[in-house]
Amino acid sequence: MSNHLSRRDALRLGALAATAPAATAVVPAGAAAASPAGSGTGRPGPVPRPGWVADNWLVKPFALNQVALRDGIFQQKRDRMLNYARNYPGTGGVLDGPDRMLHLFRANAGLPAPGTWPGGWDTPNHLLRGHFTGHYLTMLAQCYADTGEEIFRQKLDYLVTELGTCQRELDRRNPGRVTGRSGRAVRLGDPHPNQYVLMPAGILDGVTDLTVATWVNLASAQTGARIFSFGSGGQSYLSLTARIAAGAGPRFAITTGGSGGEQRVDAGVPVPVGEWTHLAVTLSTGDATARIYLDGIEAGAGTVTLGPASLGRTTANWIGRSPANNDPLLGATVDDLQIYDRALSAEEVRALAAPDRSPATSAAPTPLAWYRFEEDGETAVDHSGNGHAATIVGTAHPGFLAAFPEGQFSRLEPPTFQPNSGPNAVWAVWYTCHKIMRGLLNAYHLAGNEEALEIVFRMGDWAHSRLSRLSRADLDRMWDIYSAGETGSMNEVMAELSALAPDRDRRRRYLDTAKAFTFSTLFAASLAERDELSGRHANQYMAPNIGYLRIFERTGERDYHRAARNFWAMVVPHRIFSNGGAGQSEHFRARGIITSGFSSANDPRHAETCCAYNMLRLTRNLFFHDPDPAYLDYYEKALHNQILSSRRDVDSVTSTEVTYHQNMWPGRSRRIGNVVEYSRYGGNGSCCNGTGLESHTKYQESIYFRSADDSTLYVNLFIASVLTWSERGFVISQETAYPAEGASTLRFDRGHGRLRVKLRVPSWAGPDYTVRVNGVRQRVKAAPGSYLILDRRWREGDRIDISMPLRFRVEKALDDRSVQSIMYGPTLMVVRDATPSYREFTFFPAVKLDGDLGRAIQPTGTPMHFTTHGYLLAPYYISDPVPGEFNAYHPYLRRVEPEVVFGSVRTGVPNDALRDADGETFLDRVWASAPFPRHGDFLRTVRDVSDEWLAAGRHTAEQRRAILVAAARARPDLAP
């Protein structure tokens, strides 16, 4: 169990922090092989805990501490984030980071909250506050699982313990009633869970004259908040507003024509803040007069010709809410609200407002409805005896834990369904909850913190209490609200809890709650392979698919697997940029639309980093069920490019230095306008800052997998690392300079026995991908986009050498095949230039029979840097290493090949102007078959494609002859 840290503990941790390296030390592979499992720095690590593993997985992961990164770009980026994790926020106190993460939770629980908060979105009053703490929990858990460093476990345990304290304190709230003017009252508005009171429809049926009287204690001088409102929508209502402007008094209004048709009466005396005030409105149709009383004294009167009967049957009757979502909910304590079906006299109103009047003994006329709020629960009993019981919207439930009030969840639920705009806005409350629960589960899974599991169990009970009361239709409506309905992967954590729960009933409840987070509309579309992603908020619909797989893993219901798999196939490759990212301004575009609309007038916010994070999680989990190498092709693309590039190449312990968006426009940088994407929203606290904490502390999680029966090792990624497979007794090191070099060596440093080794052959690999075992070339088929299998008994000292020469190639945008990215193996190479329009390159005249575009590209003296057409090519993953400088780049170029040419031999036949149904030019089609073993093979391909184009009417017979003659004459030019 976690315990509070003593002062002695804190001092000891201070010494640890002072001596901890800024970056994990690199040790020779031999030394690493002799170290305990997971000791990336040579220190003993925790027991291997891989996190969630499902019984029906065909392939399983290794624990983070079973795979140690070695020298290379991944280790360098990881070490920068380890340094941040050790030392954030750079103020010297070991627990300063956890205390910042706790500040808003403590404040929300009413506990002392010294210090400050992380910043960005994790600031007071921000609607997503608290989510960053969840990511921080996960980061610490991963850092400890990776390195075994005590400082990470101690920070994590302290944070978990203090969150448990906040949860217990929140449970001590009085979610029902508070002290009223006499007896008990209802507190409306944040931070109390109660939001407003819903009175029954038709409560004013048959009423012509009216009096509404109540006691109100305003929490603040807010404007525009209604004390009560009766009506049938935004056009027909009568209401009393507490303040219409700063320093102004209350306003009574009635209308059947919206706000523009209101008949109004304003009071000249403001309602005071922080003290009880009696307010009453009388409306007499006989003399067409409405009056407002404050503390029994008339404060305003005016002519009003409309009455309650003018509104028809009222169906929207509230205490503390307006008919309009853009009006704030009332922040006040309300007591003793009475409704009369006549206009009381001034004397009768004064009697209601008398300071010594007791509601229980009042001799006032019997009201039509009377809400005294004395009872607990969500029902406001009608003490008039007329049966008009009301409902208090905003029920609280035990187990709640957040950095914002529980009322935020009530606003998303029926009957409010509040969007993410306006003064009552709700912004992704369940998304935030998921990050906290996921972080706690990771603290349990990866670091063995039992208290974290108990906290998250109670959060699971709370989530079930909230959602089990709602219908499927109401849930669907909630989840379809833009941004407000974003839930992250709440279904994932609830499904995992169902496996961890100690009893059958809780397992059932948690699983039911996981299914409540099914986004029904898109779920059905995914099952039917009907692409309805265009225009949708990408992360809102990506993340639940991870949870669908968890539900499938718990239940075997194949629809959940099918929906997730089909969703993935709608994104990859149809909406993927060449860096592996997706989305524009956080939204999916139409299927197949990649670069269309890249202009100065277009939104430059592309490829939100969170999208790549979620797609990688989904891809990895799909692979466990179906080890299709296509999943790892995408995984490598997104990891090597978007994720690796998202961490700026500078050290910082105050900012995550992780991108939010990645601009894919030509000639832009990781700064959009005046906004630096690494520090958007302060460099801490945004969604992508949060997922960045996780992404850069788990690079090794997918380098190696194992089959469920431990008979097979999957080598997925070529990243310098050491695998300690304790269950099989193997220690296997991988030495590579990949992606700078297309080679990798696997060495069996320890262990022996039979093992199938499946080596991934990337889809971009050429026919010269070769494998040698102990120097002997293996006669095995290395088909691009597959796994090559080596099945033998291995001994200590055995060595596997993989050669996969890197070549330049292009990836073409689906919506415009002339817009292309230059790739070098897995790496996106960008043109370094600030011109905000496509650079135009021509490659085909330099191509020979081997089809190598690299003949038009020259190396420089710097590894992985090249020149072509007078421009510098550099890896996309290099992320602005000079403070204050932001490298402009072109992820895409315009390919210009105007004429069919072979080497220097011209044909006079247009190339770019004539394209097939797929948007390919004649030369595209020819060179797609390269490399050609001999010139004769090349000529046959030219003839075949030419026959096709002639038959399709794209070429004339004369043009075909010119092409065939030129292809034959070009033999000297095309020889390698």
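The model shown is predicted, which means the values in this text are computed figures rather than measured ones.

1. Describing the overall build of the chain
- Within the chain, the secondary structure is distributed over 23 helices and 40 strands.
- Expected size for 976 residues packed as a compact globule is a radius of gyration near 30 Å; at 33 Å, the chain falls within 12% of this value.
- Oriented by its inertia axes, the alpha-carbon framework of the chain measures out at about 110 × 75 × 50 Å.
- Out of the 976 residues belonging to the chain, those deemed buried represent 61%.
- Across the chain, every contact between residues at least 6 apart in sequence was considered, and the portion connecting residues at least 24 apart equals 69%.
- Charged side chains in the chain number 106 positive and 102 negative. The centres of these two groups are separated by 6 Å.

2. So, the layout of surface pockets
- Computed from the structure, the largest pocket encloses a volume of approximately 1400 Å³.
- Surrounding the largest pocket, 47 residues form its lining, Ser763, Trp764, Arg809, Val810 and Glu811 being those nearest its centre.
- For the lining of the largest pocket, the secondary structure elements donating two or more residues are α18 (629–646), β31 (808–813), β32 (816–824) and α20 (922–927).
- Taken together, the residues of the lining of the largest pocket break down into 26 nonpolar, 5 polar and 16 charged.
- Here the second largest pocket is characterised by a volume of approximately 480 Å³.
- What lines the second largest pocket is a set of 23 residues, and nearest its centre among them are Asn125, Gly189, Asp190, Arg411 and Pro423.
- Taken together, the residues of the lining of the second largest pocket break down into 10 nonpolar, 9 polar and 4 charged.

3. Remarks on the sheet that holds strand β30 (residues 799–803)
- Sheet architecture is open: 7 strands sit in the order β2-β23-β24-β25-β30-β27-β28, paired in antiparallel fashion. Of all the strands in the sheet, the pair left with one neighbour each is β2 (67–69) and β28 (776–777).
- Strand direction decides the pairing type here: strand β25 (residues 743–750) and β30, joined by 5 bridges, are antiparallel. Bridged to Leu746 within β30 is Ile800.

4. Remarks on the packing of aromatic side chains
- Throughout the structure, instances matching the rule amount to 49 aromatic pairs.
- Centroid distance Tyr660 to Tyr681: 5.6 Å. Interplanar angle 55°. Geometry classified as tilted. Here Tyr660 is found in the loop between α18 and β19 (671–672), whereas its partner Tyr681 is found in the loop between β20 (675–676) and α19 (687–695), with 21 residues between them in sequence.
- On the accessibility criterion, Tyr660 (3% relative accessible area) is buried.
- The class of Tyr681 is partly exposed, set by a relative accessible area of 37%.

5. Re the sheet that holds strand β26 (residues 753–761)
- Judged by pairing direction, the sheet is mixed, and its 5 strands sit side by side in the order β1-β21-β22-β26-β29 without closing on themselves. Two strands in the sheet have a free side with no partner beyond their single neighbour: β1 (59–61) and β29 (786–794). Strand-to-strand twist of the sheet, defined as the mean angle between neighbouring strand axes without regard to direction, takes the value 30°.
- Across 3 bridges, the pairing between β1 and strand β21 (residues 704–707) is antiparallel. The residue of β21 that forms the bridge with Val59 is Ser707.
- Together, β1, β21, β22 (712–715) and β29 form the strand contacts of helix α17 (residues 609–625), whose direction differs from that of β1 by roughly 135°.

6. Observations concerning the pattern of salt bridges
- Counted under the stated rule, the structure contains 70 salt bridges.
- A salt bridge links Arg562 to Asp559, with the shortest nitrogen-to-oxygen separation between them at 2.5 Å. Note that Arg562 and Asp559 are positioned in helix α16 (residues 558–571) at a spacing of 3 residues, about one turn of the helix.
- Look at Arg562 and you get partly exposed, because its relative accessible area is 29%.
- Connected via shared salt-bridge partners are Arg438, Glu492, Glu496, Arg550, Glu553 and Arg617.

7. Some points on empty space enclosed by the protein
- Counted under the stated rule, the structure contains 8 cavities of 30 Å³ or more.
- A volume near 410 Å³ is recorded for the largest cavity.
- Along the walls of the largest cavity sit 25 residues, with Pro50, Asn442, Arg617, Arg620 and Glu701 positioned nearest its centre.
- Secondary structure elements with two or more residues in the lining of the largest cavity: α5 (131–147), α9 (429–447), α12 (490–500) and α17.
- The greatest single-element share of the lining of the largest cavity, amounting to 5 residues, is contributed by α17.
- Here the lining of the largest cavity is composed, by residue class, of 10 nonpolar, 6 polar and 9 charged.
- Size it by volume and the second largest cavity reaches roughly 100 Å³.
- As for the second largest cavity, its lining consists of Tyr613, Leu616, Arg617, Arg620, Tyr635, Leu639, Ile643, Ser695, Lys698, Tyr699 and Glu701.

8. Some thoughts on the nonpolar core
- With 197 residues, the main nonpolar core has Trp430, Leu440, Leu759, Tyr769, Ile800 and Phe902 as its most contacted residues.
- Counting residues per element, this core draws most heavily on α9, at 11 residues.
- Excluding residues that lie within four positions of it along the chain, Leu440 makes contacts with Leu137, Val160, Leu163, Leu401, Ala452, Ile455, Val456 and Met459.
- In terms of nonpolar packing, the next biggest core, distinct from the first, is built from 46 residues, Val197, Phe230, Ala267 and Ala332 among them.

9. Some details on the pairing of β25
- Note: strand β24 (residues 730–736) against β25, 6 bridges, orientation antiparallel. When the sheet's bridge partners are listed, Ile732 is paired in β25 with Phe748.
- Following β24, the chain reverses through 6 residues before pairing antiparallel with β25.

Each value, and the rule that gives it
- Residues numbered from 1 in each chain as written.
- Predicted model: local features only at pLDDT ≥ 70, side-chain atom pairs only at ≥ 80, totals over all residues.
- Heavy atoms only, no water.
- Helix = DSSP H or I, 4+ residues; strand = E, 2+ residues; numbered from the N terminus.
- Rg over C-alpha atoms; globule rule 2.2 N^0.38 Å.
- Buried < 20%, exposed > 50% of the residue type's maximum accessible area, 1.4 Å probe, protein only.
- Contact = heavy atoms within 4.5 Å.
- Lys, Arg positive; Asp, Glu negative; His and termini not counted.
- Charge placed at Lys NZ, Arg CZ, Asp CG, Glu CD.
- 1 Å grid on protein atoms, 1.4 Å probe; cavity = no way out; pocket = protein on both sides within 12 Å on 5 of 7 lines; lining within 4 Å.
- Points joined across faces, edges and corners; volume = space filled by probe spheres on them.
- Nonpolar A, V, L, I, M, F, W, Y, C, P; charged D, E, K, R; others polar.
- Pairing = 2+ DSSP bridges.
- Phe/Tyr/Trp six-rings, centres within 6.5 Å; stacked < 30°, edge-to-face > 60°.
- Axes fitted to C-alpha atoms, helices over the stretch in contact; angles between N-to-C directions.
- Salt bridge = Lys/Arg side-chain N within 4 Å of Asp/Glu carboxyl O.
- Core = buried A, V, L, I, M, F, W, Y, C linked by side-chain atoms within 4.5 Å.

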